[in-house]
Amino acid sequence: MEKRLFDNRERLNKGSLSRKRITAGYLFISPILLGMLIWLVFPMSFSLWLSGHEWDLISEPSFIGLGNFKEVLSDELFWQSLKVTLYFSGVSVPLSLITAFLVALLLNIEIKGRSVFRALYYLPSVIPVVANCVLWVWILNSEFGLLNFFLSKLGLSKVLWLQEPKWTMPALIIMSLWGIGPLVVLYLAGLQGISRQLYEAAEIDGANWGNKFLFITIPMMSPVIFFNLIIGLINAFQTFTQAYIMTQGGPQNATLFYVFYLYQNAFQWMRMGYACALAWILFATILICTLFIFRHFERLVYYAGT
Amino acid sequence: MKKTSKSILMLMSIILGVSVMAYAAEPVTITFMGWGSPLERANVEEGVKVFNQKHPEINVKWIHVPADYETKLFTMVAGGTAPDVFWGGIDFYREYAYRGLLLDITDQVKNDPIIGKPGYFIEPWEEERCAIEGRWYGIGSCWTLIHMFYNKEVFDEAGAEYPPVDPDKAWDWSHFVEIAQKLTSKADSKWGAYIPTAWWMPYDPFIASNGGEYVNKEGKVALDEPEAVEALQQIADLTNKVQVAPHAVDLQELGLGAWQMLATGRLGMLVDGSWALQDISKLDFEFGCAALPKFKVPVTTMQAHLHVIHKDTKHPKEAWEFLRFLASDYYQLSLCKVGLWLPSHSSLFTPEGLKQWITPEVHPEGYAKLIAKYMDKYARILYMPIGWRKASWSIIFPGLEPLWLGKKTAQECVNEMVPKANATLAKELKRIKG
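Residues numbered from 1 in each chain as written. Chains lettered and ligands numbered in written order. Predicted model: local features only at pLDDT ≥ 70, side-chain atom pairs only at ≥ 80, totals over all residues. Heavy atoms only, no water.

This part is about the overall build of chain A. Across its full length, chain A carries 14 helices and 2 strands. Radius of gyration (C-alpha) of chain A: 25 Å, far over the 19 Å computed for a compact globule of 306 residues. Expressed as lengths along the three principal axes of its C-alpha atoms, the size of chain A is roughly 85 × 75 × 35 Å. Looking at chain A residue by residue over its 306 residues, the buried ones come to 41%. Long-range pairs, those at least 24 residues apart, make up 65% of the contacts in chain A between residues at least 6 apart in sequence. Element-wise, carbon and sulfur atoms account for 70% of the exposed surface of chain A, whose accessible area totals about 18100 Å². Taking the average location of the 21 positive side-chain charges in chain A and that of its 16 negative ones, the two points are 9 Å from each other. (Helix = DSSP H or I, 4+ residues; strand = E, 2+ residues; numbered from the N terminus. Rg over C-alpha atoms; globule rule 2.2 N^0.38 Å. Buried < 20%, exposed > 50% of the residue type's maximum accessible area, 1.4 Å probe, protein only. Contact = heavy atoms within 4.5 Å. Areas by Shrake-Rupley, 256 points an atom, 1.4 Å probe, with all protein chains shown as cover. Lys, Arg positive; Asp, Glu negative; His and termini not counted. Charge placed at Lys NZ, Arg CZ, Asp CG, Glu CD.)

Next up, the structure:
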C-alpha cells in the first residue's frame, strides 16, 4: 500500500521518470508485441488486403474489389466445402462432447487402476495427427480393417468407408472420437472441482443418483462443457489433416473440408487472393457461430464464482 | 612492437588478397528444383555432379521436393527466391508460361549447335509439347507412354496367345475382352485385365482410338462426344459388366498394387505407363510388353515433365548452359536404361542409339520396336488447357467416379460433368487472358 502511494505520487510529480518507466515497460513486453505485430497483425492485414485482389503468387496482385467475395456466391465447390465442414462440425462436436463426458464420468469412479485407464484414453492424443490418419486408413480399410472386422462379427456387411461418398464423413466422424483425450482431461478436472458437500447435502434431502447428476453435476460442469463446445467448434471448422492425408477431399468431393479447399486454391491453383477471401469468410463464420452460441447458450452456464 | 604490427599488416593483406581471389573464382550458383522418386533423385544428383565438374564456373545446387511440389515452388516465387531452373509439370506448363513465370528460350534452342539441329528431338512431339504459339519455354528430357504389360505364365496356363508387340497388329477391343475372359477365374480371384481409372492418362488412348477426344483443339473437354462416351463405357464395363477387371477399390483393399497383382499371377494384362517397367522388371516373373488393344485405330498417349528456366533468373546464361546439359543424350540415358524413361532424341532410336539404352534384363523382347512404332505413327499428346489441373482434380475425376463404380452410365456422368468442367476452364482462361 505504502509503495503504491509512492508510485502514484511519483507518476504525478515526476513525469520524466515515469516516461522512463513506461519505456522500460514497453521494452519488457516488446518481444511479445513485436511477435504479434510481425506474425499476426501484419499477415492478417496483408491477407485482408489480398482478399480484394487477384494474385497468382507470380505476377503483381491486381485489385478486383469485392470480386472474390462475389465469386464465392456462385462457386459450387465453396458451398460443397461449407456443407462438408458444417456436417462434420455439427455431428462430431456434440458427439465428442457427449462421449468425452461419459468417459470422464467413468474415469472419475474410484476403481483399481484408474490412472492406467486415464492414460489409455489420453494416449491417442499424444500420437501426431498424421500418424493417426495413416493408422485410421488401415482401421477403415474395407477388406482388412478392424472396423469392418467387428461389423462382420456382428453379421453386418462390409462398408467401403473411404471409397463411398456417403460413408466417408461418418468414417471421419468416428475417427474424430479418437481424439477426445484433451476434452476428457478438462472434464475430469471439472468433476474433481465439484464440492462433495453439494452431493452430501442433496443426499440428505433424499436425492437419488439421477437427481444428483442432473441438478449438481451438469450445472457445476456447465462452464467446462461450454468451453469445450466453443473450442471444439473452432477446431472442427479448421479440419484439414484428415482431408489432406486420407482422402484428398474425395470421393466425389465428399470430404472437401473448407480449409482444404482454401489450401487448394492458395497453393495448387494459384489463387492466393481468392484463398484469402475464403479465409476471411471462415473467420467471420466462426465469429458469428461463437457469438451466437454465447448469446443463446451462455445463460445456461452456471459460473460458481459470480 | 613495430615488427609485430608489420607482420600483422602482412598477414591481413594476405588474408584480404586470398579472399579477393577466392571471391573472383567463386562459381556462379544456380538452383535446380524438381520432384521424383529416390531413383530419379539419384540420377539428377549424379547428373548435377557431372555438370559441376565439367563447368567449374557454375555450381548447380539441387533442391529435391518429394511432395507438394507446386506449394513449394509458388511460395518460393512469391518470396523472391524462385529456383533458376526447375521441373515443370506438363499440366501446369501453359499456365506458368502465360503467367510470365518462364524464360522464353526459343532463340537459344533454335541457334544451338547441337540441340538446334533439325531432327535432334523426336518430332513433331517435342515441338508440340514445348511450343506455345510458336515460342519455347522448356525442353523435355524424356517421354513416357501407355502400353500393356502381361504375365506370360497366366497366358500359358489359359492356353491363350500373347498380345502382339506390333501396334499395327493390335488386338481389337472385342478380342481383347475375349482373351481377358479366358484369363479370368473368379474362383481363384484371378483377373484378366486392368486399366487404372484414377487419372486421365491410362484411359486417354482408348478414347482417341475410338475417334474421340479428351480435350479438343479449342481446349474444351469433349468427353461428351459419342465416341468418347462409348470408350469410357466399355472401359467401365470391363469391371462392372463383363467382370474381367478388378475394381480400383478392390486393388486398394487387397493392399496390392496392380504391379504386384500382375507379378503374382492374379492379373493377366495391365495397361499402365512405360515408367512402370522400372519396377515391374525387378519383380520375379516372366512378363512381356505389348501394344494396347484398339477400337478403331491403334493409339497411345505420351507425356513427361519439362525443364524450364525462371524468367527473372539472375544468371540466364548459366541456366541455359545447364538446361542444354539436361537436354543431352547423356542425361536421359541412365534412366532410360532402367526402364523409367523413354528417350526423346532421334539419335537414341538409331540401331546404335538403341544399343545405348535397351537393356535385356529390363526391356522385354520387341520393346524397342513397340516404342519406335508408337512414336513414329500412333502417339498423341493430350492438350492441357489453362485451368486443366483444377478442372481435372475437382470436377472431371470426381465426376467419373460413379462410372467406374458402376453407379452411373458414362452418358449420365459426362452430361453432368462436362459442362461444369468447361465452365471452369473458360473461367480460368478468362482470368489469365482477360
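The structure having been displayed, the exposition proceeds.
Assigned secondary structure in chain B consists of 19 helices and 13 strands. Each principal axis of the C-alpha atoms in chain B carries an extent, and together these give about 100 × 50 × 45 Å. Of all 434 residues assigned to chain B, the portion counted as buried reaches 57%. Look at the contacts in chain B between residues 6 or more apart in sequence, and 74% of them connect residues 24 or more apart. Total accessible area on chain B is roughly 18700 Å²; 57% of this is exposed by carbon and sulfur atoms. Side-chain charges of chain B comprise 45 positive and 53 negative groups, with the mean position of each set lying 7 Å from the other.

Time to look at the sheet that holds strand S1 (residues 28-34) of chain B. Adjacent strands of a sheet form backbone hydrogen bonds with each other and so pair up, either parallel or antiparallel. All names here are of chain B. Strand order across the open sheet formed by 5 strands is S2-S1-S3-S12-S6, with mixed pairing between neighbours. The sheet terminates laterally at strand S2 (58-64) and strand S6 (138-140), the two strands that pair on one side only. Looking at each pair of strands side by side, their axes are set apart by 25° on average, direction ignored. Note: S6 against strand S12 (residues 306-309), 3 bridges, orientation antiparallel. Residue pairing across strands places Gly 138 opposite Val 308, the latter belonging to S12. (Pairing = 2+ DSSP bridges. Axes fitted to C-alpha atoms, helices over the stretch in contact; angles between N-to-C directions.)

Further remarks concern the packing of helix H2 (residues 38-54) of chain B against helix H15 (residues 329-337) of chain B. All names here are of chain B. Look at H2 against H15: their axes get within 10 Å of each other, and the N-to-C directions meet at 150°. The orientation of H2 with respect to H15, classified from their angle, is roughly antiparallel. In the packing of H2 onto H15, the handedness of the crossing is right-handed. Taking contact as the criterion, the partners of Leu 39, Glu 40, Asn 43, Val 44, Glu 46 and Val 50 in H2 are, on H15, Tyr 330, Tyr 331, Ser 334 and Leu 335. For the contact of H2 with H15, a count of residues per class yields 6 nonpolar, 2 polar and 2 charged. (Parallel < 35°, antiparallel > 145°, perpendicular 65-115°, else oblique. Left-handed = near helix turned anticlockwise from the far one by under 90°. Nonpolar A, V, L, I, M, F, W, Y, C, P; charged D, E, K, R; others polar.)

The next thing to look at is helix H8 (residues 173-183) of chain B. Residues and elements named next belong to chain B. The set of residues buried in H8 consists of Trp 173, Phe 176, Val 177, Ile 179, Ala 180 and Leu 183. Looking down the long axis of H8, one finds its buried residues gathered within 165° of arc, a one-sided arrangement. At its buried positions, H8 is contacted by strand S7 (144-151), helix H7 (152-158), strand S8 (191-194), helix H9 (204-209), helix H10 (226-240) and strand S9 (267-273). (Arc of directions from axis to C-beta.)

What follows covers the interface of chain A and chain B. Taken residue by residue, the interface counts 27 residues in chain A and 30 residues in chain B. Contact with chain B buries area across many residues of chain A, yet Ile 58, Trp 269 and Met 270 of chain A alone supply 24% of it, more than any other trio. At the junction of chain A and chain B, the tally comes to 6 salt bridges. Glu 164 of chain A is the partner of Lys 407 of chain B in a salt bridge, and the nearest nitrogen-oxygen pair spans 3.2 Å. For the pair chain A and chain B, the number of links is 8 residue pairs in polar contact (both at pLDDT 80 or more). The set of elements that each furnish at least two residues to the side of chain A that touches chain B consists of helix H4 (76-108) and helix H13 (258-268) of chain A. Per-element tally for the side of chain A that touches chain B: the top contributor is H13 of chain A, with 4 residues. Grouping the amino acids of the side of chain A that touches chain B by side-chain chemistry returns 12 nonpolar, 8 polar and 7 charged. (Buried area = accessible area lost by both parts, 1.4 Å probe. Salt bridge = Lys/Arg side-chain N within 4 Å of Asp/Glu carboxyl O. Polar contact = N/O pair within 3.5 Å; in protein donor to acceptor, adjacent residues only side chain to side chain.)

On to the packing of H2 of chain B against helix H14 (residues 316-326) of chain B. All names here are of chain B. Packing of H2 against H14 brings their axes to within 11 Å, and their N-to-C directions diverge by 130°. In terms of orientation, H2 lies oblique with respect to H14. Between H2 and H14 lies a crossing whose hand is right-handed. Facing H2, whose interface residues are Gly 47, Val 48, Val 50, Phe 51 and Lys 54, H14 presents Glu 321, Phe 322 and Phe 325. Considered class by class, the residues forming the contact of H2 with H14 number 5 nonpolar, 1 polar and 2 charged.

Let us now look at the nonpolar core. In terms of nonpolar packing, the biggest core is built from 220 residues, with Tyr 214, Leu 223, Met 269 and Ile 396 of chain B touching the most fellow members. Broken down by element, this core gets its largest block of residues, 12 residues, from H4 of chain A. Once you skip the residues sitting within four places of it in the chain, Ile 396 of chain B turns out to touch Tyr 214, Val 221, Leu 223, Trp 388, Ala 391, Met 417 and Ala 421 of chain B. (Core = buried A, V, L, I, M, F, W, Y, C linked by side-chain atoms within 4.5 Å.)

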